[in-house]
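# Descriptive analysis of the structure
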Amino acid sequence: MKTMVFAATAGALLMASPTLAATNLIRNGSFEAGPTGAGSVPEWTRTNTPDNKPTQDQPASVIGYNNNLGYPTGAYGELVTPDSVVSQSPDAVGSKAAYFVGDHSVNETWSQLTYLGVGNYKVGFSYYLTANGIRNRNNASLATTILGVPVATTIITATSTA
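This write-up is about the structure you can find in this document. None of the values given here were measured: they were computed from a predicted structure. (Residues numbered from 1 in each chain as written. Predicted model: local features only at pLDDT ≥ 70, side-chain atom pairs only at ≥ 80, totals over all residues. Heavy atoms only, no water.)

## Points about the overall build of the protein chain
Operational definition: The way it works is that DSSP assigns letters per residue, a run of H or I at least four long becomes a helix, a run of E at least two long becomes a strand, and they are numbered from the N terminus. Here's how the labels work: a residue is buried when its accessible area is under 20% of the maximum for its type, exposed when over 50%, partly exposed in between, all with a 1.4 Å probe on protein chains only. What makes two residues a contact is simply this: any of their non-hydrogen atoms within 4.5 Å. The protein chains shown are the only cover counted for residues, whose accessible areas, like all others here, come from Shrake-Rupley with a 1.4 Å probe.
In terms of regular secondary structure, the protein chain is built from 1 helix and 8 strands. Secondary structure elements of the protein chain occur, N-terminal to C-terminal, as β-β-β-β-β-β-α-β-β. Taking all 162 residues of the protein chain together, the buried fraction comes to 40%. Expressed as a percentage of contacts within the protein chain between residues at least 6 apart in sequence, the contacts between residues at least 24 apart total 67%. When the accessible surface of the protein chain is totalled, it reaches about 8900 Å², and 56% of it is carbon and sulfur.

Take a look at the structure:
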């Protein structure tokens with residue numbers, strides 16, 4: 001699996017009426033409410049979490065932007081900068097991101113249930129492919145699903161741009 005940083009500027013934006021203010025329906029969407037490292041992440045359920053044996057089978061962690069720290073609080077010494085481009089996401093860019101690192105991990109998932117009424121929603125996220133991740137031999141994918149139906153997907157291969 002390619003190493004990828006998932007900065008879930010994951011905002012669900014209610015667009016049913018122009019008079020409604022943007023409301024982030026994803027709890028802890030930017031991973032700000034929790035410690036850095038490979039421990040639990042408030043509001044997110046982790047499944048298929050690697051057991052850290054062998055050392056390549058490492059679980060995703062929460063890292064801080066703009067640091068040169070090693071795993072699990074950084075991207076193996078690689079500086080990851082936040083994506084501060086203005087977007088329609090109601091979730092402001094914070095100081096942390098999820099870092100999916102396991103080169104041999106399969107389908108590690110972070111999820112949460114959000115109950116929504118009838119309406120139109122937008123989900124946004126940013127991802128950063130680290131240079132050390134692009135050198136990994138396996139591919140990575142990122143998917144956003146609603147009730148198991150993919151609404152946004154991407155796949156990272158050896159030809160992707162870091």
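## Concerning the nonpolar core
Heads up, the rule is: Residues enter a nonpolar core if they are buried and are Ala, Val, Leu, Ile, Met, Phe, Trp, Tyr or Cys, with the set joined through side-chain atoms within 4.5 Å.
Counting residues in hydrophobic clusters, the biggest one holds 9 residues: I26, F31, V41, W44, A60, V62, A98, F100 and W110. Counting 8 residues, the second-largest nonpolar core is a separate cluster that includes Y71, A75, A97 and V101.

## What about the pattern of salt bridges?
Note the threshold: The salt bridge criterion pairs a side-chain nitrogen of Lys or Arg with a carboxyl oxygen of Asp or Glu, the two atoms within 4 Å.
For the structure shown, the criterion picks out 2 salt bridges. One salt bridge in this structure joins E43 and R27, with 2.9 Å as the shortest N-O distance. Note that E43 is positioned in the loop between strand 1 (4-14) and strand 2 (45-47) and R27 in the loop between strand 1 and strand 2, a separation of 16 residues in sequence. Given the relative accessible area of 44%, E43 is considered partly exposed. Note that E108 is salt-bridged to R46, the shortest N-O span being 3.6 Å. Remark: R46 occurs in strand 2 and E108 occurs in the loop between strand 4 (96-100) and strand 5 (109-111); sequence separation between them is 62 residues. Here the two residues E108 and R46 agree in accessibility, since each one is buried.

## A word on the environment of P42
Inspection of the secondary structure puts P42 in the loop between strand 1 and strand 2. In the structure, P42 is positioned 13 residues away from G29 in sequence and 10.0 Å away in space, judged by C-alpha atoms. Sequence-distant contacts of P42, defined by excluding residues within four places in its chain, comprise N28, A33 and G34.

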